[in-house]
Amino acid sequence: FHTRRTPLLALYKFLNKNGISYLKLDAGFRSIKKLDDKSKKRIDIEFFFLKRFLKFVDIVSAESEEIAEKFSKITGIDVLRLPNGFYDWTEIKRISASEKQNIILTVGRLGTKEKATECLVDAFVTARKRIPTWVLHLVGPCEKWFEQYVDKLMKEFPDLKDRIVLKGPINDIAVLNEEYKEAKVFCLPSRWESFGIVNVEALSLGCYLLLSDQIPPARELTNDGEFGAVFPSDNKEVLADLLIKVCASLENEESVFSKIQEYAFEKFYWPKICKTLNNQILKLKQERQEIH
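About the cut-offs
Residues numbered from 1 in each chain as written. Predicted model: local features only at pLDDT ≥ 70, side-chain atom pairs only at ≥ 80, totals over all residues. Heavy atoms only, no water. Helix = DSSP H or I, 4+ residues; strand = E, 2+ residues; numbered from the N terminus. Buried < 20%, exposed > 50% of the residue type's maximum accessible area, 1.4 Å probe, protein only. Lys, Arg positive; Asp, Glu negative; His and termini not counted. Salt bridge = Lys/Arg side-chain N within 4 Å of Asp/Glu carboxyl O. Polar contact = N/O pair within 3.5 Å; in protein donor to acceptor, adjacent residues only side chain to side chain. Contact = heavy atoms within 4.5 Å. Arc of directions from axis to C-beta. Pairing = 2+ DSSP bridges. Right-handed = clockwise from strand over helix to strand, strands pointing away.

Asker: Help me understand the side chain of K100 in this model?
Answerer: Tracing the backbone through its elements, the reader meets K100 in the loop between strand 3 (80-81) and strand 4 (101-107). For K100, which is buried and forms no salt bridge, the nearest opposite charge comes from E99, at a distance of 7.9 Å. Separated by 3.0 Å, the side chain of K100 and the backbone oxygen of Y180 make a polar contact. The contact partners of K100, leaving out residues within four places of it in the chain, are I95, Y180, K181, E182, A183, K184, L205, G206, C207 and F257.

Asker: Sorry, what's going on with helix 4 (residues 65-75) here?
Answerer: Residues spaced three or four apart along an α-helix face the same direction, because each turn holds 3.6 residues. Along helix 4, the residues classified as buried are I67, A68, F71, I74 and T75. Looking down the long axis of helix 4, one finds its buried residues gathered within 140° of arc, a one-sided arrangement. Every exposed residue of helix 4 that faces more than 90 degrees away from the buried side is listed here: E69 and K73. Backbone geometry just downstream of helix 4 places G76 in the positive-phi region, at approximately 80°.

Asker: Would you mind going over the sheet that holds strand 3 with me for this structure?
Answerer: Note on sheets: strands pair through backbone hydrogen bonds, and any given pair is parallel or antiparallel. Read across the open sheet, the 3 strands follow the order 1-2-3; overall the sheet is parallel. The open sheet terminates on both sides in strands that have one partner only, identified here as strand 1 (22-24) and strand 3. By the bridge criterion, 2 bridges tie strand 2 (residues 59-62) to strand 3 in an arrangement that is parallel. The residue bridging S61 from the neighbouring strand is L80, located in strand 3.

Asker: I would appreciate a short explanation of the pairing of strand 5 (residues 135-139) in the present structure.
Answerer: Where a strand is regular, its side chains alternate between the two sheet faces. For strand 5, the tally of buried residues reaches 5 of 5 residues, placing the bulk of the element in the interior. Burial of the side chains of strand 5 extends over both faces: V135, H137 and V139 are buried on one face and L136 and L138 on the other. Summarising the sheet, strand 4 and strand 5 pair through 5 bridges and their orientation is parallel. Considered in strand 5, the bridge of L105 is made with H137. Of the crossover connections in this fold, the one passing from strand 4 over helix 5 (residues 117-127) to the parallel strand 5 is right-handed. Relative to strand 6 (residues 164-168), strand 5 runs parallel, the two sharing 4 bridges. Across the sheet, the residue bridging to V139 is G168, located in strand 6. Between the parallel pair strand 5 and strand 6, the chain is carried across by helix 6 (residues 144-156), and the sense of this crossover is right-handed.

Here it is in structure tokens:
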């Protein structure tokens, strides 16, 4: 990538003296570790070309504080922390507790190694008798093996009937928003992730988040534990305990869902995020004008 793009970017900067170049990272812990390993080698061609490429980039942003700090430390450049966000295409209205049901929701590619949905299912099976009024909704395209796995669990544990629901893929954002609106808990148990747009979509409609520790912005998304909890990836025992604890605390909760929604609009609303980026561009242009 860097070997192909560097000449084009250099040409752009040569022809547009006042042009601003912007690199938006989409990095997770695995890619940062790989980059760090390359930086420690005495000679690494890919890292060498990355450093050359970055010389022509004016603004670099990462979606989480931790990734921004790590990338900055490895490359020696300033990195702006700029999260991904959501936009209220369907005119999202203020959520009320009465709209929420005892639903745990996940959205993603069900059954893929990355998403680790089976860990959530196993945790729910373990916790089910302690949270008897709660159901698990799984939204997204489904791997064949995972569908068979859920069917097997239904036969093994008859009390799960109608409590684990495979909803299939939902492409209509208005319909998907109804799923978020009804759910009290949103869980993403990913084994690796760069950000997870579904997390901010869930926040925007008042869902309490349960996130694996392999999601870099988990701390920011949960506001340091105020609006969610973080658990070790692949640890279904810890997740089961969390489900029991969180579901009990949210059973008769009235106010937290609207507070979560307010937090989402404050921190992860695209117009505000874009304004931050625009201000950074204007600041850079002003600095250049002052120099010249």
